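For reference, the chains in residue letters:
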Amino acid sequence: MSAGISTKEKAASVTAFAVLVLLVFTKVLLSPLGDLDELWNYNLCRGTAMGYVPYKDYGMVMMPLFTVLFSIPLHLSRTLLMYRIASAVMIVITAFVYYRAASERTDRLFGRFLAVAAAFSLDIATYNVLFFMFLTAAFILLTREMNTLTSAVTGILCSLSVLCRQTSGVFLLIAVLLIFLTAPSLRKLARSFLVGAAAVMAVFAGCLLITGSFEAFWDCCLFALLSGGHDAGINNDSLLSVIIIIAGLFLDIYLWRNERRKDHLYHLIFGAVLISVGIPIVDHTHICYAGLWFFIPVCEAVKKYAGKSIKPALMNILTAAAALMVFAVNAGGSLGTVRSSRYVELRGIPLYDGFIDGYSVIDEENRSIRAEGNRVVILSSRACLFSIMDGRFDPPFDLFLTGNTGTRDPVSIVEDVYSQEDTVILMPDDYPEENWENPEGVYESVISHCTPFAQYGNFVWYRPVS
């Protein structure tokens, strides 16, 4: 390859990466406040930054790696803006790793187009994004020539994926271990794979023991997971991803049967693991990773059977058009928003005009009630927003959702609350319908044992019956 072509390609790669960074940062930083998944995750990370220990001090059904990792930048600035900056950085890295996997199956032109698709799909940072990044990196290593070092790194990546999602992560770890044990060229490297995987788990177990959260971890992340009560849900926003997954599955199987290449088989296996991320909640937030994954064989089939009619200039135009569309959507989503400096942790975050006003009234009333010596317990899927506004962290009620209280019945926790003196409960009057992850029986228990004394909008303040 001539030096001129090499320089041109390098310039194109730098430009493409700069565009990717622009798309991700505009999407993350310009998103209006209100996404509960973002608020829930940010609140747990800020709680860890405030000194609370996962599982020991607060329960969650999720594995801890994402929460602990994203609490680190919050030591510099405990604000949602800092969290979003860290989120954007992680999504850029994830999209770039995805680009590398996609371009190896297709080429750089298709890879850049798929990277734009990733920038469009990966909206907020969660433990699922981190899991997707580790899985994709492990896939890249596995499809290359392996040695002792890379097999150990693959084991590390698989164990790190377990620390993001205990279900899908374990599926990935078992699947890759079976690949090492059954593939003749990899069998001799299975030991180094296991050493890498075991090293991560040994460090993790040590951290649990040192922090005194070992027993609570098993209660939250295993026994609570097996106890049932985790609702399933299907959202219409997952339709496009489901269509791509089905098409990609058929094409992956077709390509593998015709070419018998190991990367096609591994792609199918890893794709099956990603599909499990959508269990039991099939929505865009959970199923988009499998959608992106199976978008790769769709593009590979297009390149293979229609590649001669698709000129590089056409792919560049399509990618540029897609990037402009994503940028327009990102910028358009912030139209009509304002930024408020009233709450320190929300400074610099776009807000729809008037969005925070009602919450501010409730927050002021809560402060007045606390000033009188009362404790205010908020039972709402939006409880974390009040804690963020007030600079508080209130476990377990900031994430009082089905499955996040370990094996303990949520109703019994609420019963302990209204059995205490000087306690006030704030709860929306549509609590059972407010969020489908709100625990059952809580609303009925509160209204049976407490008396309402004030109301603002659909939020009602209750005092326990004497």
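Our subject is the structure that appears above.
Source: prediction; values computed, not measured.

Caption draft 1: Structural context of the overall build of the chain. Along the chain, the regular secondary structure elements total 19 helices and 8 strands. The principal-axis extents of the C-alpha atoms in the chain amount to approximately 80 × 50 × 40 Å. Of all 466 residues assigned to the chain, the portion counted as buried reaches 53%. Accessible surface for the chain amounts to roughly 20800 Å². Of this, 64% is attributable to carbon and sulfur atoms. Taking the average location of the 34 positive side-chain charges in the chain and that of its 40 negative ones, the two points are 17 Å from each other.

Caption draft 2: Highlighting empty space enclosed by the protein. Evaluated as defined, the whole model comprises 2 cavities of 30 Å³ or more. When its volume is computed, the largest cavity comes out at roughly 60 Å³. Lining the largest cavity are Val28, Ser31, Glu38, Tyr83, Arg84, Ser87, Ile91, Asp123, Ile124 and Ala125. Ranked by residues supplied to the lining of the largest cavity, first place goes to helix 4 (residues 80-105) with 4 residues.

Caption draft 3: Structural detail: the pattern of salt bridges. Across all of its chains, the model carries 18 salt bridges by this definition. Of the charged contacts in the structure, one is a salt bridge between Glu38 and Arg84, with a shortest N-O distance of 2.8 Å. Separated by 46 residues along the polypeptide, Glu38 in helix 2 (residues 36-49) and Arg84 in helix 4 bring together distant segments of the chain. You can call Glu38 buried: its relative accessible area is 5%.

Caption draft 4: The layout of surface pockets, seen in detail. Of the voids in this model, the largest pocket is the one considered here, and its volume is about 1100 Å³. Every residue lining the largest pocket is counted, 42 residues in all, and those nearest its centre are Tyr127, Ile281, His286, Trp436 and Glu437. Its residues assigned to classes, the lining of the largest pocket shows 18 nonpolar, 17 polar and 7 charged. When its volume is computed, the second largest pocket comes out at roughly 560 Å³. If you go around the second largest pocket, you meet 24 residues; those closest to its centre are Ala12, Thr15, Ala16, Phe17 and Arg112. Those elements giving two or more residues to the lining of the second largest pocket turn out to be helix 1 (3-29), helix 4, helix 5 (108-121) and helix 14 (312-332).

Caption draft 5: Here's a closer look at the nonpolar core. Leu33, Phe66, Phe180, Leu186, Phe270, Leu274 and Leu346 are the most contacted members of the largest nonpolar core, which has 125 residues in total. With 13 residues, helix 6 (residues 127-142) is the single largest residue contributor to this core. Counting 18 residues, the second largest nonpolar core, distinct from the first, contains Ile413, Tyr431, Val446 and Tyr462.

Caption draft 6: Main features of the environment of Tyr418. With respect to the helices and strands, Tyr418 occurs in helix 17 (residues 410-418). In sequence terms Tyr418 and Tyr462 are 44 residues apart; their C-alpha atoms lie 9.4 Å from each other. For Tyr418, the contacting residues outside a window of four places in its chain are Ile425, Ser445, Val446, His449, Cys450 and Pro464. Polar contacts involving the side chain of Tyr418 include one to the side chain of His449, which spans 3.2 Å.

Caption draft 7: The arrangement of the sheet that holds strand 5 (residues 375-378) in detail. In space, the 4 strands of this open sheet follow the order 5-6-8-7, with mixed pairing throughout. Strands at the two margins of the open sheet, each flanked by one partner only, are strand 5 and strand 7 (450-456). Neighbouring strand axes in the sheet, compared pairwise and without regard to direction, differ in orientation by 30° on average. Along the sheet, helix 19 (residues 442-449) contacts strand 6 (423-428), strand 7 and strand 8 (459-464); its crossing angle with strand 6, the most-contacted strand, is approximately 130°.

Caption draft 8: Region of the structure containing the packing of helix 6 against helix 13 (residues 284-306). The N-to-C vectors of helix 6 and helix 13 enclose an angle of 20°; their axes lie 10 Å apart at closest approach. Considering the angle they form, helix 6 stands roughly parallel to helix 13. Crossing of helix 6 over helix 13 shows right-handed handedness. Contacts from Asn128, Val129, Phe132, Leu135, Thr136 and Phe139 of helix 6 reach helix 13 at Thr285, His286, Tyr289, Leu292 and Trp293. A class-by-class count of the residues in the contact of helix 6 with helix 13 yields 7 nonpolar, 4 polar and no charged.

Caption draft 9: Seen up close, the packing of aromatic side chains. Following the criterion strictly, the structure yields 24 aromatic pairs and no others. Aromatic side chains Phe66 and Phe70 sit 4.4 Å apart centroid to centroid with 25° between the ring planes, which places their arrangement in the stacked category. With a gap of 4 residues between them, Phe66 and Phe70 both fall in helix 3 (residues 65-71), about one helical turn apart. In this structure, Phe66 and Phe70 share a single accessibility class: buried. Joined through ring pairs, the aromatic side chains of Tyr98, Phe132, Phe139, Phe270, Tyr289 and Trp293 make up one cluster. We note Arg260 situated over the ring of Trp256; from NZ or CZ to the ring centre the distance is 4.5 Å. In this arrangement the basic side chain of Arg463 is found over the ring face of Phe453, its NZ or CZ atom lying 4.5 Å from the centre.

How each quantity is defined
- Residues numbered from 1 in each chain as written.
- Predicted model: local features only at pLDDT ≥ 70, side-chain atom pairs only at ≥ 80, totals over all residues.
- Heavy atoms only, no water.
- Helix = DSSP H or I, 4+ residues; strand = E, 2+ residues; numbered from the N terminus.
- Buried < 20%, exposed > 50% of the residue type's maximum accessible area, 1.4 Å probe, protein only.
- Areas by Shrake-Rupley, 256 points an atom, 1.4 Å probe, with all protein chains shown as cover.
- Lys, Arg positive; Asp, Glu negative; His and termini not counted.
- Charge placed at Lys NZ, Arg CZ, Asp CG, Glu CD.
- 1 Å grid on protein atoms, 1.4 Å probe; cavity = no way out; pocket = protein on both sides within 12 Å on 5 of 7 lines; lining within 4 Å.
- Points joined across faces, edges and corners; volume = space filled by probe spheres on them.
- Salt bridge = Lys/Arg side-chain N within 4 Å of Asp/Glu carboxyl O.
- Nonpolar A, V, L, I, M, F, W, Y, C, P; charged D, E, K, R; others polar.
- Core = buried A, V, L, I, M, F, W, Y, C linked by side-chain atoms within 4.5 Å.
- Contact = heavy atoms within 4.5 Å.
- Polar contact = N/O pair within 3.5 Å; in protein donor to acceptor, adjacent residues only side chain to side chain.
- Pairing = 2+ DSSP bridges.
- Axes fitted to C-alpha atoms, helices over the stretch in contact; angles between N-to-C directions.
- Parallel < 35°, antiparallel > 145°, perpendicular 65-115°, else oblique.
- Left-handed = near helix turned anticlockwise from the far one by under 90°.
- Phe/Tyr/Trp six-rings, centres within 6.5 Å; stacked < 30°, edge-to-face > 60°.
- Lys NZ or Arg CZ within 6 Å of the ring centre and 35° of its normal.

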